[in-house]
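# Residue-level structure breakdown
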Amino acid sequence: MKILYLTTEKEVHFRNFMELAKKYDYEVHLMGGRNDYRNDNNIYLHDINFVEKCYRKIMKAFFLWNEFYFQKKLLDLTIRKVKPDVIHAWGADFWGVLATSIDHNIPTIITTLGSDIFRVPFQNKKNFEKVKHALEKADIVHTTPSKAALDHLKEHFNIEEKKIVSLSLGIRYKEVKQIFDNTDKSQVRGKYSISEDELIIFAPRGMRPIFEPVFKLVPVARKMKLAGIKFKIVVKLNGNKGMADRFASEVENNQLNDQFILVRDYLSYEEVIRLFAISEILVSMSETDQIAAPVLEAMVTETVPILSNIEIYTSNFTEPGNVFFVDNDDEEQLFEKIMYVRNNYSKIKESNLFDSNKIIVSREYDSDKTVCEINDIYVTCSQCRVIRKSS
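Here is a short report on the structure shown in this document.

Rules of the game
Residues numbered from 1 in each chain as written. Predicted model: local features only at pLDDT ≥ 70, side-chain atom pairs only at ≥ 80, totals over all residues. Heavy atoms only, no water. Axes fitted to C-alpha atoms, helices over the stretch in contact; angles between N-to-C directions. Helix = DSSP H or I, 4+ residues; strand = E, 2+ residues; numbered from the N terminus. Parallel < 35°, antiparallel > 145°, perpendicular 65-115°, else oblique. Left-handed = near helix turned anticlockwise from the far one by under 90°. Contact = heavy atoms within 4.5 Å. Nonpolar A, V, L, I, M, F, W, Y, C, P; charged D, E, K, R; others polar. Core = buried A, V, L, I, M, F, W, Y, C linked by side-chain atoms within 4.5 Å. Buried < 20%, exposed > 50% of the residue type's maximum accessible area, 1.4 Å probe, protein only.

## Concerning the packing of helix α4 (residues 92–99) against helix α6 (residues 125–137)
Running from N to C, α4 and α6 cross one another at 55°; their axes reach a closest spacing of 9 Å. If you check the angle between α4 and α6, you find them oblique. Pair α4 / α6 crosses with left-handed handedness. Together, Ala92, Asp93, Gly96 and Val97 of α4 and Lys130, Val131, Ala134 and Leu135 of α6 make up the contact between the two elements. Partitioning the contact of α4 with α6 into residue classes produces five nonpolar, one polar and two charged.

## A short note on the packing of helix α8 (residues 173–182) against helix α12 (residues 269–278)
Between α8 and α12, the least distance of the axes is 9 Å, while the angle of their chain directions is 60°. Here α8 is positioned oblique relative to α12, judged by the angle of their axes. The chirality of how α8 crosses α12 is right-handed. Across from Glu175, Val176, Ile179 and Phe180 in α8, the residues of α12 making contact are Tyr269, Glu270, Ile273, Arg274 and Ala277. In terms of residue class, the contact of α8 with α12 is built from six nonpolar, no polar and three charged.

## Thoughts on the nonpolar core
Where a protein is soluble and globular, its nonpolar side chains tend to be buried together. Counting residues in each nonpolar core, the largest one holds 40 residues, and the members touching the most others are Ile171, Leu275, Val295, Leu296, Tyr313, Phe317 and Val361. For this core, the secondary structure elements donating two or more residues are α7 (147–157), α8, β8 (199–203), β10 (260–263), α12, α13 (293–300), α14 (311–314) and α16 (353–364).

Printed below as a string of structure tokens:
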């Protein structure tokens, strides 16, 4: 089976999906991929040549470049060349719109990622109409197993439940646990110059507009410093450069350089898990979300998740059974929750929170266990071609 993926997605969810696809010997084609997959002989990349890249740079310099129009032409050529059995677009807002903007007879899946259905469509009417049209034209809409996401698709976009597939993207549970179990915590602390008596808070989601609430960590850190607490906050700054620079400036302006470790460089999957292994707390705050891979990784690595009090999480996890919740706008509440976990970490460790979280991820969010269901989705979707041709 030939599958054409449309995505620029780099996070672990998509990488897992690609690995699982290989198990069924799919012929994997990728449009929109970056250098991450350049050396993967199992993946066919579809991109522009050197001359076209130069032309794009020149046109961008004069503000004459239309990325969507260009990608649309490239997609049309790729479909004609590859003749895929299934097109799988990651994100309804760009790639989903693109996949459904061309007249073709290829069954199409759109995987929703969070802000593409919860935030982007509601920025203006034009965005809403584009996303709604894409979701309507897709043969299957794949979303996280969450009542919030399911209800949102039905109520706001009038998508019939019969074509919505709720399936966890998950994480590779065994691999995460193995890295965690084999991590030399003293070595990792030494690498980042973190002493044994310092509390470690990890914020790995990067810089995107939906993660704006992570800026609350700066005033919280100021309070912790004034209280004489020893701590380090590790923040990934990948993503939006403007936001990353602004976050770094706020840290410097508040004289908190010694309390923050700001990571601009790419971190390997293994390195992220090792950082989880030494962290007591995950802070993942977002305006909208799906069930994010870092949240699941924290649950496997005995890191206490502090999450935004949004429906996607409150409908799937409980406080204090699995996680702790905070309001995005309440820095005092975030401070109090961090202090509670710090002061009660030993009790939390002795409770069944960590064991319960590992069981939940292993049972419901282990991507190795969803491979059969993923294959069923592709088989079902590929049959839409037959239905279309006969209609």
